[in-house]
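Chain residues, written in single-letter form:
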Amino acid sequence: MENAPRVLLMNPIEEGQDYVVDVDPVVSRHTGGKTKIGVFYPLGMTYVAAVLREHDIPVEILDPIPDGYTFESALAHAEGFDVIIMALAASNAGGAYRFFSPLKDKTRIFMGTHATALDVRILEEDYCDIIIRGEPELTALEAIRNLNNLADVEGVSFKNGSEVVRNPDRPLNRNLDDLPLPARDLVDNSKYHIVSFPGRPTAMVLTSRGCPFSCTYCATHLFYKHRRNVRSPEAVVNEVEHVVKTYGISNFFFADDTFNIGEKRVVEICDLLQERKLPIQWLCLGRVDTMTEPMIRAMARAGCKEILYGIESASPDVQEQTKKNITREQMTNTVSLTLKAGIRVSAFFMFGNPGDTLESIRETSALARTLNPTFASFNISTPDPGTELYESVKDRVTGNTFEKFDRLNTDISICDIPAEQLRKELVKAYLLFYFRPSFWFSLLRFISSDLLNAPTILKVFYRQAMNVLK
Ligand code: SF4
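Quick caveat: nothing in here was measured; it's all calculated off a predicted structure.

Cut-off values and rules
Residues numbered from 1 in each chain as written. Predicted model: local features only at pLDDT ≥ 70, side-chain atom pairs only at ≥ 80, totals over all residues. Domains from an automatic or database assignment. Near = placed C-beta within 6 Å. Nonpolar A, V, L, I, M, F, W, Y, C, P; charged D, E, K, R; others polar. Helix = DSSP H or I, 4+ residues; strand = E, 2+ residues; numbered from the N terminus. Buried ≥ 20, exposed ≤ 12 C-beta atoms within 10 Å, placed from the backbone. Axes fitted to C-alpha atoms, helices over the stretch in contact; angles between N-to-C directions. Left-handed = near helix turned anticlockwise from the far one by under 90°. Contact = placed C-beta atoms within 7 Å. Expected span 1.5 Å × (residues − 1). Arc of directions from axis to C-beta. Pairing = 2+ DSSP bridges. Core = buried A, V, L, I, M, F, W, Y, C linked by C-beta atoms within 7 Å. Parallel < 35°, antiparallel > 145°, perpendicular 65-115°, else oblique.

Caption draft 1: Expanded view of the domain arrangement of the protein chain. Domain assignment breaks the protein chain into domain 1 (7–166) and domain 2 (192–439). Domain 1 and domain 2 are separated by 26 Å when their C-alpha centres are compared.

As structure tokens, this is what we get:
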């Protein structure tokens with residue numbers, strides 16, 4: 001593209017916060033914790049960068065925390081670009097707005113779920129110039145090509161004088177195999193870790209986008225409208241092989257909203273991974289009601305070491321109200337099937353959904369101990385903008401509440417239990433789960449499977465505990 005603007009894709013950074021980048025705590029970027037000791041792979045930005053670069057638009061990625069920038073030095077860096085595209089989340093919105101404030105001579109663009117959900121409000125407040133709604137790659141490309149005339153660019157909202165213009169949505173990209181590979185060369189791949197593989201660089205790969213389910217607290221549908229688009233197993237495995245060979249990375253996170261949908265495809269991906277004899281270990285997010293025995297066996301053979309399951313609640317009433325709709329039998333069977341296959345289970349539980357009572361929360365805490373997954377994560381239900389849950393309680397979400405949306409702390413409660421008590425119950429659930437002999441036995445097994453890494457594993461667990469108890 002001739003006379004193309006110089007584009008900077010970046011993650012937000014907050015003013016006055018010092019970060020140490022080491023290994024990942026439980027509070028990672030997406031939950032917006034203040035102490036970030038490691039960060040998730042910026043896969044979304046690398047996809048957008050790859051598409052822009054493919055069309056000769058000069059682009060860089062700045063990930064201020066792992067790249068060691070302060071608010072001020074990131075701002076100075078951003079001065080060298082014409083367009084800045086920032087990925088916005090509820091918990092970092094305040095910092096992102098403050099960052100964009102002195103950059104009014106640039107084209108300031110937000111993308112991401114939070115920006116998609118609150119586009120009109122964010123533009124009316126003049127926090128940016130353009131918002132890319134939904135799946136970002138093709139919309140970003142068209143917006144950059146047409147910065148002076150956005151009228152026909154699908155999927156953008158923008159300011160025209162004092163009026164906010166909201167163009168029609170862009171249809172979903174159904175041909176994910178046509179996207180270029182993420183521009184991983186634009187980030188320092190060694191800096192990205194997740195808690196499941198402590199201290200080891202971990203790459204994210206997407207095998208699909210979207211989820212057909214309708215959990216009320218989840219904003220995935222805002223982008224993907226309850227559809228799930230998949231990549232071919234060959235394309236997925238080619239990308240994994242490319243990352244192994246180019247960057248020497250052997251730890252992967254298949255970061256699909258739900259990986260284990262469709263037995264045939266999952267088994268095909270796993271068989272291909274096995275055929276290529278790639279020296280990898282990986283984890284994914286799964287649902288307990290879509291897992292099958294052939295799937296779990298294929299996943300174990302292909303190097304799957306951990307599955308993250310959203311269990312959420314012991315209460316059938318909360319299961320129904322949140323539309324998660326999984327049964328006690330499905331939870332028990334799948335957790336046990338997974339553990340028997342030699343795969344660790346991280347189970348996620350939520351406190352404080354509408355319908356929750358002190359009794360149901362304590363039952364959920366007890367359920368965690370009964371299921372006995374390898375790890376348990378307890379979170380306070382958070383009405384993120386764009387979710388059905390947010391729509392039902394949005395009159396209670398005011399002011400700077402979003403900055404507290406880190407799932408461990410909240411100053412609003414959306415059930416009948418006060419926020420302070422929710423927090424106390426959460427800490428109690430952590431203590432009850434982790435101060436049990438069976439957890440220490442699991443931890444010992446984890447450490448003995450990776451003895452050389454033992455100090456790092458212990459450091460990660462210590463930091464996780466501190467984050468919860470602080
Ligand atoms: S929470 Fe998981 S299963 Fe539910 S809609 Fe979101 S991605 Fe799908």
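Caption draft 2: Region of the structure containing the site of the ligand. Lining the immediate environment of the ligand, one finds Cys211, Phe213, Ser214, Cys215, Cys218, Thr220, Asp257, Thr258, Arg287 and Gly310. Among the residues forming the shell around the ligand, the class breakdown is 4 nonpolar, 4 polar and 2 charged.

Caption draft 3: Structural context of the environment of Asp384. As for its placement among the helices and strands, Asp384 is situated in the loop between strand 15 (375–380) and helix 14 (388–393). Accessibility expressed as a C-beta count within 10 Å gives 22 for Asp384, which makes it buried. For the pair Asp384 and His114, spaced 270 residues apart in the sequence, the C-alpha separation amounts to 7.7 Å.

Caption draft 4: Structural detail: the packing of helix 8 (residues 233–247) against helix 9 (residues 263–275). Helix 9 packs onto helix 8 with a crossing angle of 35° between their chain directions and a minimal axis gap of 9 Å. Judged by the sense of rotation from one axis to the other, the crossing of helix 8 with helix 9 is right-handed. Of the residues in helix 9, those touching helix 8 at Pro233, Glu234, Val236, Val237 and Val240 are Arg265, Glu268, Ile269, Leu272 and Leu273.

Caption draft 5: Structural context of the environment of Tyr69. With respect to the element layout, Tyr69 can be found in the loop between strand 2 (59–62) and helix 2 (71–78). Classification of Tyr69 as partly exposed rests on a count of 19 C-beta atoms within 10 Å. On a C-alpha basis, the gap between Tyr69 and Ile13 in space is 8.6 Å, while along the polypeptide they are 56 residues apart. Contacts of Tyr69, omitting those with residues within four sequence positions, involve Ile13, Leu62, Pro64, Ala74 and His77.

Caption draft 6: How the structure looks around helix 13 (residues 358–371). Taking 1.5 Å per residue, 14 residues should reach 20 Å; helix 13 reaches 20 Å between its end C-alpha atoms and fits that length. When we look at burial in helix 13, the residues that qualify are Ser360, Ile361, Thr364, Ser365, Leu367, Ala368 and Leu371. One face of helix 13 carries all of its buried residues, which in axial projection span an arc of 155°. When the buried face of helix 13 is taken as reference, the exposed residues oriented beyond 90 degrees from it are Glu359 and Thr370. Residues of helix 13 that are buried make contact with helix 11 (316–321), helix 12 (328–340), strand 14 (344–351), strand 15 and helix 15 (419–434). Immediately beyond the C-terminal end of helix 13, within one or two residues, lies Asn372, with a positive phi of roughly 55°.

Caption draft 7: Seen up close, the pairing of strand 1 (residues 7–10). Residues Val7 and Leu9 line one face of strand 1 and the alternating positions Leu8 and Met10 line the opposite face, and both faces are buried. Pairing of strand 1 with strand 2, which is carried by 4 bridges, proceeds in the parallel orientation. By the bridge assignment, Leu8 is partnered in strand 2 with Glu60.

Caption draft 8: Seen up close, the nonpolar core. Residues Leu9, Ile85 and Ile109 are the most contacted members of the largest nonpolar core, which totals 118 residues. Element by element, the count of residues in this core is highest for helix 1 (residues 43–54), at 6 residues. In this structure, this core is formed jointly by two domains, domain 1 (7–166) and domain 2 (192–439), each of which donates at least three residues.

Caption draft 9: Examining the sheet that holds strand 11 (residues 251–254) more closely. Read from one edge to the other, the open sheet built from 6 strands follows the order 8-11-12-13-14-15, with strand pairing classed as parallel. If you trace the sheet from one side to the other, it starts and ends with strand 8 (202–205) and strand 15, each paired once. Mean inter-strand twist for the sheet, computed between neighbouring axes without regard to direction, equals 20°. One ladder, built from 6 bridges, connects strand 13 (residues 304–312) with strand 14; its direction is parallel. Across the sheet, residue Gly310 finds its bridge partner in strand 14, namely Phe348. The strands touched by helix 13 within the sheet are strand 14 and strand 15, with strand 14 carrying the most contacts at an inclination of about 175°.

Caption draft 10: Structural detail: the sheet that holds strand 7 (residues 163–166). Taken together, the 7 strands give an open sheet; going across it, the order is 2-1-3-4-5-6-7, and neighbouring strands pair in mixed fashion. The open sheet has two edge strands with one neighbour each: strand 2 and strand 7. Between one strand and the next, the sheet's axes are offset by a mean angle of 20°, whatever the strand orientation. Helix 1 rests against strand 1, strand 2 and strand 3 (83–87) of the sheet, and its axis sits at about 170° to strand 2. Lying over the sheet, helix 6 (residues 137–145) contacts strand 1, strand 3, strand 4 (107–111), strand 5 (130–132) and strand 6 (156–160), oriented at roughly 150° with respect to strand 5.

Caption draft 11: Fine view of the environment of Glu359. Tracing the backbone shows Glu359 in helix 13. Counting along the chain gives 44 residues from Glu359 to Ser315, while the straight-line C-alpha distance between them is 9.4 Å.

Caption draft 12: Structural detail: the packing of helix 13 against helix 15. Viewed as axis vectors pointing N to C, helix 13 and helix 15 meet at an angle of 20°, and their least axial separation amounts to 10 Å. One way to sum up the angle between helix 13 and helix 15 is to call them roughly parallel. The handedness of the crossing between helix 13 and helix 15 is right-handed. Across from Ile361, Ser365, Ala368 and Arg369 in helix 13, the residues of helix 15 making contact are Glu425, Ala429, Leu432 and Phe433. Partitioning the contact of helix 13 with helix 15 into residue classes produces 5 nonpolar, 1 polar and 2 charged.

Caption draft 13: View of helix 12. With 13 residues, helix 12 should reach 18 Å at 1.5 Å per residue; the first-to-last C-alpha distance of 18 Å fits that figure. Of the positions making up helix 12, those classed as buried are Met331, Thr334, Val335 and Thr338. Axial view of helix 12: buried residues confined to an arc of 100°, hence all on one face. For helix 12, the exposed residues lying more than 90 degrees away from the buried face are Glu329 and Lys340. Following helix 12 by one or two positions, Gly342 adopts a phi angle in the positive range, close to 85°.

Caption draft 14: Structural context of the pairing of strand 7. With 4 bridges connecting them, strand 6 and strand 7 associate as antiparallel partners. What sits directly across from Asn160, in strand 7, is Glu163. Connecting the antiparallel pair strand 6 and strand 7 is a turn made up of 2 residues, with Gly161 showing a positive phi of about 65°.

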